[in-house]
Amino acid sequence: MPEIMLTSNARYLTLGGIVLHTADLVSFSSTWSQNSIATTAGNREHARYQGGLKENSFTITVGYRISMVEDLIFEEGAYYMLEYGPEGAVSGKPRHVQEVLLESTSGPSHTAEKEFVTFEFTLKGSDDPVHDFKKNAVYP
């Protein structure tokens, strides 16, 4: 099986217009799901379902840097535009842009093993993506 490798580690991520630089970005993950709707009718022994609305969520962890603490003050319950380019904002590379709802924040926090303080943001997609990398959207 071929190994998937990014051409560089130059990820591009903005939240509410704030660029979260590659050096500060500890992790980014996304989850995609399809709701199901029960459509069972009649005298059936097993449930029947059809696809409902799609949902996605994102978790972002960024490292603490004193010069950017004011930039990391986001309000839970507020909507922000998220833009993500796993290989940077480069022409022809994957691009995802979507309005998201900030569900929760945590941090600052750190572990005993490392003195690296982080903030974590949990977001939920709140509308159709403007550019959807799952549908081959790329940077122009």
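The structure under discussion appears in the preceding block.
Values in this document were obtained by computation on a predicted structure and should not be read as measured data. (Residues numbered from 1 in each chain as written. Predicted model: local features only at pLDDT ≥ 70, side-chain atom pairs only at ≥ 80, totals over all residues. Heavy atoms only, no water.)

Student: Quick question: what am I supposed to make of the pattern of salt bridges here?
Tutor: In a structure, side chains of opposite charge can pair up when their charged atoms sit close to one another. Under the counting rule described, the total for this entry stands at three salt bridges. For Arg95, the salt bridge is made with Glu83, and the minimal N-O distance between the two is 3.1 Å. Of this pair, Arg95 sits in the loop between strand S5 (79-85) and strand S6 (96-109) while Glu83 sits in strand S5; the two residues are twelve residues apart in sequence, bridging distant segments of the chain. Overall, the relative accessible area of 15% leaves Glu83 in the buried class. For Lys93, the salt bridge goes to Glu87, with nearest N and O atoms at 3.5 Å. Among the residues examined, Glu87 registers a relative accessible area of 15% and is labelled buried. (Salt bridge = Lys/Arg side-chain N within 4 Å of Asp/Glu carboxyl O. Helix = DSSP H or I, 4+ residues; strand = E, 2+ residues; numbered from the N terminus. Buried < 20%, exposed > 50% of the residue type's maximum accessible area, 1.4 Å probe, protein only.)

Student: I would appreciate a short explanation of the sheet that holds S5 in the present structure.
Tutor: Sheets are built from strands that pair by backbone hydrogen bonding, the pairs being arranged parallel or antiparallel. The strand order across the open sheet formed by seven strands is S2-S1-S5-S6-S7-S4-S3, and the pairing between neighbours is antiparallel. Sheet topology places strand S2 (18-19) and strand S3 (25-38) at the edges, where each strand pairs with a single neighbour. Alignment of strand S4 (residues 49-63) against strand S7 (residues 118-125), held across seven bridges, turns out to be antiparallel. Note on S7: the bridge partner recorded for Val62 is Phe119. (Pairing = 2+ DSSP bridges.)

Student: It is not clear to me how the packing of aromatic side chains should be interpreted in this structure. Could you clarify?
Tutor: Enumeration over the complete set of coordinates arrives at eight aromatic pairs. Three or more aromatic residues joined by ring pairs make a cluster, and in this case those are Phe28, Trp32, Phe58, Tyr84 and Phe133. (Phe/Tyr/Trp six-rings, centres within 6.5 Å; stacked < 30°, edge-to-face > 60°.)

Student: Sorry if this is basic, but what is going on with the side chain of Asn56 here?
Tutor: With respect to the secondary-structure elements, Asn56 resides in strand S4. Reaching out from Asn56, the side chain makes a polar contact with the side chain of Gln98 at a distance of 2.6 Å. Not counting the four nearest positions on each side in its chain, Asn56 is found in contact with Thr31, Trp32, His96, Gln98, Lys124 and Gly125. (Polar contact = N/O pair within 3.5 Å; in protein donor to acceptor, adjacent residues only side chain to side chain. Contact = heavy atoms within 4.5 Å.)

Student: Would you mind showing me how to read the environment of Ile18 here?
Tutor: Within the secondary structure, Ile18 sits in strand S2. Relative accessible area serves as the criterion here: at 24%, Ile18 is assigned to the partly exposed category. A sequence separation of 53 residues divides Ile18 from Asp71, and the C-alpha atoms of the two residues are 6.9 Å apart. Residue contacts for Ile18: discarding those within four places in its chain leaves Leu13, Asp71 and Phe74.

Student: How should I be thinking about the nonpolar core in this particular structure?
Tutor: Burial of nonpolar side chains together is a common tendency in soluble globular proteins. Counting 18 residues, the largest nonpolar core has Leu13, Leu15, Ile60, Val62, Leu82, Phe121 and Leu123 as its most contacted members. Of all elements in the fold, only strand S1 (12-15), S3, S4, S5, S6 and S7 reach the threshold of two or more residues within this core. Non-local contacts of Phe121, meaning those with residues more than four positions away in its chain, are made with Phe58, Thr59, Ile60, Val62, Leu72, Phe74, Leu102, Ser104 and Thr105. (Core = buried A, V, L, I, M, F, W, Y, C linked by side-chain atoms within 4.5 Å.)

Student: Help me understand the environment of Gly85 in this model?
Tutor: Note that Gly85 resides in strand S5. A residue is classified by how much of its surface remains accessible, and Gly85, at 0% relative accessible area, is buried. Between the alpha carbons of Gly85 and His96 there is a distance of 6.5 Å; along the sequence they are eleven residues apart. Discounting residues that sit within four places of it in the chain, Gly85 has contacts with Ala10, Arg11, Tyr12, Pro94 and Tyr139.

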